[in-house]
Amino acid sequence: MTERRQRVPDVFDEAHRRCRAGEPVALATVVATWASAPQPPGATMLVAADGTVTGSVSGGCVEADLYERARRVLATGAPELIRYGISDDDAYAVGLTCGGVLDVFVERVDPGALPGLDAVAAARRAAQPAAVVTCVAADAGNAPADGGDAPADGGDSPGTRPTDPARRLGRRLVLTGGQSPIGSLGDDRLDDAASADALGLLAAGHSGMLRYGYSGQRRGFGVSLFVTAYATPPRMIVFGAIDFAAAVARIGAFLGYRVTVCDARPVFTTPRRFPEADEVVVQWPHRYLRTELDAGRVDERTVVCVLTHDPRFDVPLLELALRHPLAYVGAMGSRRTHDDRLKLLGEAGLTETQLARLASPIGLDLGGRTPEETAVSVAAQIVAARWGGTGRPLAALDGPIHRPG
């Protein structure tokens, strides 16, 4: 038995909804960051014609200034690439007092972009990856010679050279699995080069910048393209239908994981007890994980939290999980339970290296007692494992707060 929940609409969903209603929107996207920037590349903020704002690019540092710029782009249709940072004279005025530098590309998205938006929306509904490649900068000093008359619509036909680099700005190429690309960046060879590299970023689950010559030459000047990767969300699989599992599922959903709760006992494993889970599955834990591994629905981003407290469930499950390169495998229990598990897992043939990957007892030492407090400690350990954090107080450390990556 499996049941799913719907997530709250995000910036993309809002852009798609408004464009389908015939409303243009301004979309601001972080395309590059340096030093201690507050948000990573790919963070977005939408400004609608009625003034409604969805999303954030800096956690509040530059939004007031960016809002006004987005309103201007919405009115004129002319995209802008804006740099905010401590190197700017007006950085303090716009609010980026926490340090760092970020480039933000602001563009108007019109209902004419619906073919690409529809394709991305369909891919997301099917839990398939998709990427949008957007030209965010063009170097006029390195523009090629005019290859012919410009098309009547002011753009460049695929395969022709631009008479004005600015015509490349805002061009998009949409890539979804198994379908032909939608749109063009203005040159067939550039489309081919960008498609190959964008799919590589998408496979890694990262948004990022690519730079080419105007016809796809692999050099550091010409056009700058930003790849927005709509990768499938990473999975969190919580085994054990207990109160702690409900709290861990809740915080996992908050962190952006697609959360599954699995237990073999149907009386406890119900959607009503786990409303924050995307899926609630009644199955023996190790059999469920085996099925998901065989089907390719578990990857190196997957985190597994074993909260079963029963060696009948957790030993065969952990034996399977630790043999695969998952992002995190944690197990709840006392230190005595942990020692007993290690003995049984060693007897099952797991190596010292594999056993060292087990986070047990699960979580960081925060002193918490309740299910919710325990869930915070588990989430903190998962985040630290993902980004290489130490788990120590920031006040006890030197250097940048935000780690690169």
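Residues numbered from 1 in each chain as written. Predicted model: local features only at pLDDT ≥ 70, side-chain atom pairs only at ≥ 80, totals over all residues. Heavy atoms only, no water.

A word on the overall build of the protein
Consideration 1: A tally of regular secondary structure across the protein gives 11 helices and 17 strands.
Consideration 2: In the protein, which comprises 405 residues, the share counted as buried stands at 45%.
Consideration 3: Carbon and sulfur atoms make up 52% of the accessible area of the protein, which amounts to about 19700 Å² in all. (Helix = DSSP H or I, 4+ residues; strand = E, 2+ residues; numbered from the N terminus. Buried < 20%, exposed > 50% of the residue type's maximum accessible area, 1.4 Å probe, protein only. Areas by Shrake-Rupley, 256 points an atom, 1.4 Å probe, with all protein chains shown as cover.)

Observations concerning the pattern of salt bridges
Consideration 1: For the structure shown, the criterion picks out 28 salt bridges.
Consideration 2: In this structure, the salt-bridge partner of Arg124 is Asp10, at a minimum N-O distance of 2.8 Å. Taken together, the residues span a long stretch of sequence, with Arg124 in helix H4 (residues 114-125) and Asp10 in the loop between strand E1 (2-3) and helix H1 (11-20) at a distance of 114 residues.
Consideration 3: In this structure, Asp187 engages Arg189 in a salt bridge whose closest nitrogen and oxygen atoms are separated by 3.8 Å.
Consideration 4: On the basis of relative accessible area, Arg189 is assigned to the exposed category, the value being 52%.
Consideration 5: Three or more residues joined by partner-sharing salt bridges are found here, namely Glu14, Arg17, Arg18, Glu23 and Asp50. (Salt bridge = Lys/Arg side-chain N within 4 Å of Asp/Glu carboxyl O.)

Focus: a nonpolar patch on the surface
Consideration 1: Together, Phe254, Leu255, Val383 and Trp387 make up a nonpolar patch on the protein surface, roughly 420 Å² of accessible area in all.
Consideration 2: Tracing the chain through its elements places Trp387 in helix H11 (residues 371-387). (Patch = residues over 30% accessible without salt bridge, like charges linked within 9 Å, V, L, I, M, F, W, Y side chains within 5 Å.)

A closer look at the sheet that holds strand E3 (residues 44-48)
Strand pairing in a sheet relies on backbone hydrogen bonds. The paired strands run either parallel or antiparallel.
Consideration 1: Taking strand neighbours across the sheet as the criterion, the 5 strands line up as E4-E3-E2-E6-E5 in an open arrangement whose pairing is antiparallel. Looking at which strands have only one partner, the edges of the open sheet turn out to be strand E4 (53-55) and strand E5 (80-85). Averaged over all pairs of adjacent strands, the angle between strand axes in this sheet comes to 20 degrees, irrespective of strand direction.
Consideration 2: Strands in contact with H1 are strand E2 (25-34), E3, E4 and strand E6 (101-109); relative to E3, the strand with the most contacts, it is inclined by about 30 degrees. (Pairing = 2+ DSSP bridges. Axes fitted to C-alpha atoms, helices over the stretch in contact; angles between N-to-C directions. Contact = heavy atoms within 4.5 Å.)

A word on unusual backbone geometry
Consideration 1: At the junction of Ser360 and Pro361, the peptide bond is cis and its omega measures out at -5 degrees in the coordinates.
Consideration 2: Structurally, Pro361 is set in the loop between strand E17 (358-359) and H11.

Let's talk about the packing of helix H8 (residues 311-322) against helix H9 (residues 335-347)
Consideration 1: Interhelical geometry of H8 versus H9 gives an angle of 60 degrees and a closest axis separation of 10 Å. The orientation of H8 relative to H9 falls into the category oblique. Note that H8 runs across H9; the crossing there is right-handed. Contacts between H8 and H9 pair Asp314, Val315, Leu318, Glu319 and Leu322 from the former with Arg341, Leu344 and Leu345 from the latter. (Parallel < 35°, antiparallel > 145°, perpendicular 65-115°, else oblique. Left-handed = near helix turned anticlockwise from the far one by under 90°.)

Concerning H11
Consideration 1: End to end, H11 covers 24 Å across 17 residues, agreeing with the expected 24 Å (1.5 Å per residue, within 8%).
Consideration 2: Taken residue by residue, H11 has Thr374, Ala375, Ser377, Val378, Ala379, Gln381, Ile382 and Ala384 as its buried positions.
Consideration 3: Each element contacted by the buried residues of H11 is listed here: strand E12 (235-239), helix H6 (243-254), strand E15 (303-306), strand E16 (328-331) and E17.
Consideration 4: Just downstream of H11 lies Gly388, where phi reads positive at about 75 degrees. (Expected span 1.5 Å × (residues − 1).)

A look at the side chain of Arg18
Consideration 1: Among the structural elements, Arg18 can be located in helix H1.
Consideration 2: Within the structure, the side chain of Arg18 is placed 2.7 Å from the side chain of Glu14, a separation counted as a polar contact. (Polar contact = N/O pair within 3.5 Å; in protein donor to acceptor, adjacent residues only side chain to side chain.)

Some details on the packing of H1 against H4
Consideration 1: One can describe the packing of H1 onto H4 by two numbers: an axis separation of 10 Å at closest approach and a directional angle of 135 degrees. On the basis of their axis angle, the class for H1 and H4 is oblique. Judged by the sense of rotation from one axis to the other, the crossing of H1 with H4 is left-handed. Of the residues in H4, those touching H1 at Phe12, Asp13, Ala15, His16, Cys19 and Arg20 are Leu114, Leu117, Asp118, Val120, Ala121 and Arg124.
Consideration 2: Tallied by class, the residues present in the contact of H1 with H4 amount to 7 nonpolar, 1 polar and 4 charged. (Nonpolar A, V, L, I, M, F, W, Y, C, P; charged D, E, K, R; others polar.)

Notes on the pairing of strand E10 (residues 208-212)
Where a strand is regular, its side chains alternate between the two sheet faces.
Consideration 1: Judged by which residues are buried, E10 turns out to be one-sided: Gly208, Leu210 and Tyr212 face inward and are buried, whereas Met209 and Arg211, on the alternate face, are not.
Consideration 2: As paired elements, E10 and strand E11 (residues 223-230) share 5 bridges and run antiparallel to each other. Of the residues in E11, the one forming a bridge with Tyr212 is Val223.

So, the pairing of strand E7 (residues 130-138)
Consideration 1: Taking burial as the measure, the 9 residues of E7 include 7 buried ones, the bulk of the element.
Consideration 2: Two strands pair when backbone bridges link them, and E7 and strand E8 (residues 172-176) are joined in this way by 5 bridges, in the antiparallel orientation. Bridging across to E8, Val132 finds its partner in Val174.
Consideration 3: Pairing geometry for E7 and E11, over 8 bridges, is antiparallel. When the sheet's bridge partners are listed, Ala130 is paired in E11 with Tyr230.

Comments concerning the confidence of the model for the protein
Predicted coordinates in regions of low pLDDT should not be interpreted in detail.
Consideration 1: For the protein, per-residue confidence averages 85 on the pLDDT scale, and 84% of positions sit at 70 or higher.
Consideration 2: Low pLDDT, under 50, characterises residues 1-8; the predicted model gives this stretch 26 contacts beyond four residues in sequence or across chains.
Consideration 3: Contacts from residues 87-92, a stretch scored under 50 in pLDDT, to residues over four places away or in other chains number 5 contacts. (pLDDT = per-residue confidence, 0-100.)

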